[in-house]
Amino acid sequence: MSFQLLKEQFSQQFPFLHSEELALLLSIGQYKRVKNKTQIITSGETAASFYFIINGMIRGFFLDSFGEEQTVFLKGKNTFTTVPEAFQANKKTKYTLETIGETIFIEFPIANFEQLAKENLAIAQLYIEGLKENVSVLIFRVELLATKKPEERYEAMLEQFPDFFQLAYNKHIANYLGITPNSLSRIIKRKKEGKSGRKKN
């Protein structure tokens, strides 16, 4: 992908960034295109990067005490993601970041990103926007699990992140929602049948 295309995508998403700031930011980043199920961070590694997703999806999961994967977050196009331990120097992570489908992203070393943020107000704003967006997504999931029934969780996620249902596997969405894949399939089926019934009437 050319600098011009990257510039256009960042400019649309973050209009407060100017050409000079984009050039600075992209100079510390590494553009990557990877295949489905590529692990870009693996549990047990020391993580030190921030990822901006250009296209595709990344999920974060850990293994519970039974060795089962627990999907904690799903992140799609035009969002930043990483693992919590990436902001703590030399701390190994318990999470794995894995791509869903072919995924294109830019990897930014956090130390370099933070140094630029100290020197440039617009890049500092971008850094803060990325952190705020990640906190917002985590709060959204906590509230889903704490306050809503399974069908309500599905409806809220469909409204908030409709693209996820075209990109992510149902087993990952179900795990994220705290329900079984069979329960999710039944919910989707009921919703489709309900829509069909309303159209007939």
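J.: Before we go on, may I ask you to explain the pattern of salt bridges in this structure?
T.: By the definition in use, this model includes 9 salt bridges. For the salt bridge of Glu102 with Arg33, the shortest nitrogen-to-oxygen distance reads 3.3 Å. Here the residue Glu102 occupies a position in strand E6 (residues 96–109), and Arg33 occupies one in strand E1 (residues 30–34), the gap between them amounting to 69 residues.

J.: Is there a simple way to explain the pairing of strand E3 (residues 49–63) in this structure?
T.: The side chains of a regular strand alternate between both faces of the sheet. Burial analysis of E3 places 12 of its 15 residues in the buried class, which makes it a mostly covered element. Alignment of E3 against E6, held across 11 bridges, turns out to be antiparallel. Residue Ile53 lies in a different strand from E6, and its bridge partner there is Phe105. Where E3 meets strand E5 (residues 80–81), 2 bridges bridge the pair, whose relative direction is antiparallel.

J.: Got a minute to help me understand the nonpolar core in this structure?
T.: As a rule of thumb, nonpolar side chains are buried together in soluble globular proteins. Core analysis: the largest hydrophobic core is formed by 38 residues, its most contacted members being Phe10, Leu17, Leu25, Phe80, Leu97, Phe108 and Phe113. Core analysis: the second largest hydrophobic core is formed by 21 residues, Met57, Ile100, Phe165 and Ile188 among them.

J.: I tried to follow the packing of aromatic side chains on my own but got confused; where do I start?
T.: What characterises a pair of aromatic rings is the spacing of the ring centres plus the angle enclosed by the ring planes. Applying the stated criterion across every chain, the model contains 17 aromatic pairs. Judged by centre distance (4.7 Å) and plane angle (5°), the ring pair of Phe161 and Phe164 falls under stacked. Of the two residues, Phe161 and Phe164, neither departs from the other in class, the shared state being buried. The ring of Phe62 has Lys94 sitting right over it, with the charged end atom 4.6 Å from the ring centre. One cation-aromatic arrangement involves Arg141 over Tyr176; the distance from NZ or CZ to the ring centre is 5.1 Å.

The rules behind these values
Residues numbered from 1 in each chain as written. Predicted model: local features only at pLDDT ≥ 70, side-chain atom pairs only at ≥ 80, totals over all residues. Heavy atoms only, no water. Salt bridge = Lys/Arg side-chain N within 4 Å of Asp/Glu carboxyl O. Helix = DSSP H or I, 4+ residues; strand = E, 2+ residues; numbered from the N terminus. Buried < 20%, exposed > 50% of the residue type's maximum accessible area, 1.4 Å probe, protein only. Pairing = 2+ DSSP bridges. Core = buried A, V, L, I, M, F, W, Y, C linked by side-chain atoms within 4.5 Å. Phe/Tyr/Trp six-rings, centres within 6.5 Å; stacked < 30°, edge-to-face > 60°. Lys NZ or Arg CZ within 6 Å of the ring centre and 35° of its normal.

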